[in-house]
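An overview of the molecular structure
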Amino acid sequence: MNNKILLSVGITLLLATGATTWWYFIPTPDDVGNSRGAKVETRSMDLHALQSQAPEKMRGKEAARLLSDPRVKTYLSRERNKQALDAYFNHGDSSLSDEEVWQLIESIESEGRVMAYEALALKLAWLERNSVSAQAFEQAASDLVERYQRKSQQNTAAYDPYEAVPGFAEYKQREAQIVLEVQGMTHFPGGISKQEYLRRRLQEAREKAYSGQNNQ
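Calculation rules
- Per chain, residues are indexed from 1 in the order of the written sequence.
- It should be noted that, the model being predicted, local features are given only for residues of pLDDT at least 70 and side-chain atom pairs only at 80 or more, the latter also being counted only at that level, while totals for whole chains, interfaces and linings use all residues.
- With hydrogens and water set aside, each side-chain value is computed from the structure's full complement of heavy atoms.
- In the sections that follow, a salt bridge refers to a side-chain nitrogen of Lys or Arg positioned within 4 Å of a carboxyl oxygen of Asp or Glu.
- Think of it in three bands: residues with accessible area under 20% of the maximum for their type are buried, residues over 50% are exposed, and the middle band is partly exposed, with areas taken using a 1.4 Å probe on protein chains only.
- Only runs of H or I of at least four residues qualify as helices and only runs of E of at least two qualify as strands under DSSP, and these elements are numbered from the N terminus.
- Only rings of Phe, Tyr and Trp enter the pairing, Trp through its six-membered ring, and a pair is recorded when the two centres are within 6.5 Å. The plane angle decides the type: under 30 degrees is stacked, over 60 is edge-to-face, the rest tilted.
- Each ring is checked for a lysine NZ or an arginine CZ that lies within 6 Å of its centre and within 35 degrees of its normal; such an atom marks a charge sitting over the ring.
- Every residue gets a pLDDT, meaning the predictor's confidence in that residue, from 0 to 100.
- Whether two residues are in contact is decided by their heavy atoms, any of which lying within 4.5 Å being enough.
- Here a helix's expected span is defined as the number of its residues, less one, multiplied by 1.5 Å.
- The criterion is simple. A nonpolar core is a set of buried Ala, Val, Leu, Ile, Met, Phe, Trp, Tyr and Cys residues joined through side-chain atoms within 4.5 Å.

Time to look at the pattern of salt bridges. By the definition in use, this model includes 7 salt bridges. Between Arg113 and Glu111 there is a salt bridge, and its shortest N-O distance comes to 4.0 Å. Assessed through its relative accessible area of 13%, Arg113 is described here as buried. Note that Glu196 and Arg200 form a salt bridge whose closest N and O atoms lie 2.9 Å from each other. Here Glu196 pairs with Arg200, and both are found in helix α12 (residues 194-214), just 4 residues apart, close to one helical turn. Among the ionic contacts, a cluster of salt bridges with common partners joins Glu106, Glu109 and Lys123.

This structure, assessed with the given rule, holds 4 aromatic pairs. Taking the ring centre of Tyr88 as reference, the NZ or CZ of Arg129 above it sits at 3.8 Å.

The next point concerns the confidence of the model for the protein. Looking at the protein, pLDDT values average 74 and 69% of them are 70 or higher. Segment residues 1-45: pLDDT under 50, and 75 contacts once partners within four positions in sequence are set aside and those in other chains are kept.

What follows deals with helix α9 (residues 134-158). For α9, built from 25 residues, the straight-helix expectation of 36 Å at 1.5 Å per residue is met to within 8% by its first-to-last C-alpha distance of 36 Å. Among the residues of α9, those classed as buried are Phe137, Ala141, Ser142, Leu144, Val145 and Tyr148.

Along an α-helix, residues three or four apart share an orientation, since each turn contains 3.6 residues. Across its 21 residues, helix α6 (residues 70-90) extends 30 Å between first and last C-alpha, which sits within 8% of the 30 Å expected from 1.5 Å per residue. Turning to α6, its buried residues are Val72, Arg78, Ala84, Leu85, Ala87, Tyr88 and Phe89. In the segment just after α6, Gly92 is the residue with positive phi, at about 70°.

Here we come to the nonpolar core. Ranked by size, the top nonpolar core spans 21 residues in total, and within it Leu85, Phe89, Val101, Ile105 and Trp126 carry the most contacts. Counting only elements with at least two residues in this core, the list comes to α6, α7 (98-110), α8 (116-130) and α9. For this core, the element with the highest residue contribution is α8, accounting for 7 residues. The residues contacting Phe89, other than those within four sequence positions of it, are Val101, Ile105, Leu122, Ala125 and Trp126. In this structure, Tyr171, Phe188, Tyr197 and Ala205 belong to the second largest nonpolar core, which totals 9 residues.

Structure below.
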């Protein structure tokens, strides 16, 4: 097994035994925005406490109301997904089939519930579990890693800060002017060094470029 696969498998083992994989169950920005007045309902729902503090009728009505809330349904669905993946990878048992587990990983990745490297780690663990031989696993794992690397490179190449970052183009133009200006100077205010003077000028240019865009 080459170093690339060893590194990938190491990430897999780390995520399979730790809690980092499960960050995708944290509420999304929409969840948070919609639940500022109901955090107890979405993240700290405690039906046992509810049962101990209310009469029988109120308990039933309140529990039904909580369970019917779309945010609670989403939360419980994510919890079920978490438990299913944990059972599959860490305990060798799950209510989901191998194919359903793969589709679940694909789904939570497409929803942005896990980082790309976390989804890759889960998929590598899935391949290791379902490959017919060590050789088959190494080949499939190598192909998967290369596919993710190509995707990462494509995403990086597609990112253009001149278009994506307001004020970036203005700053880069001003940056070139400042560098040329400072290179021709021999004395600097307050006796500071050329490097410090250049740093301050560039910092001012950045603040002006970006704040100017933000105030539009």
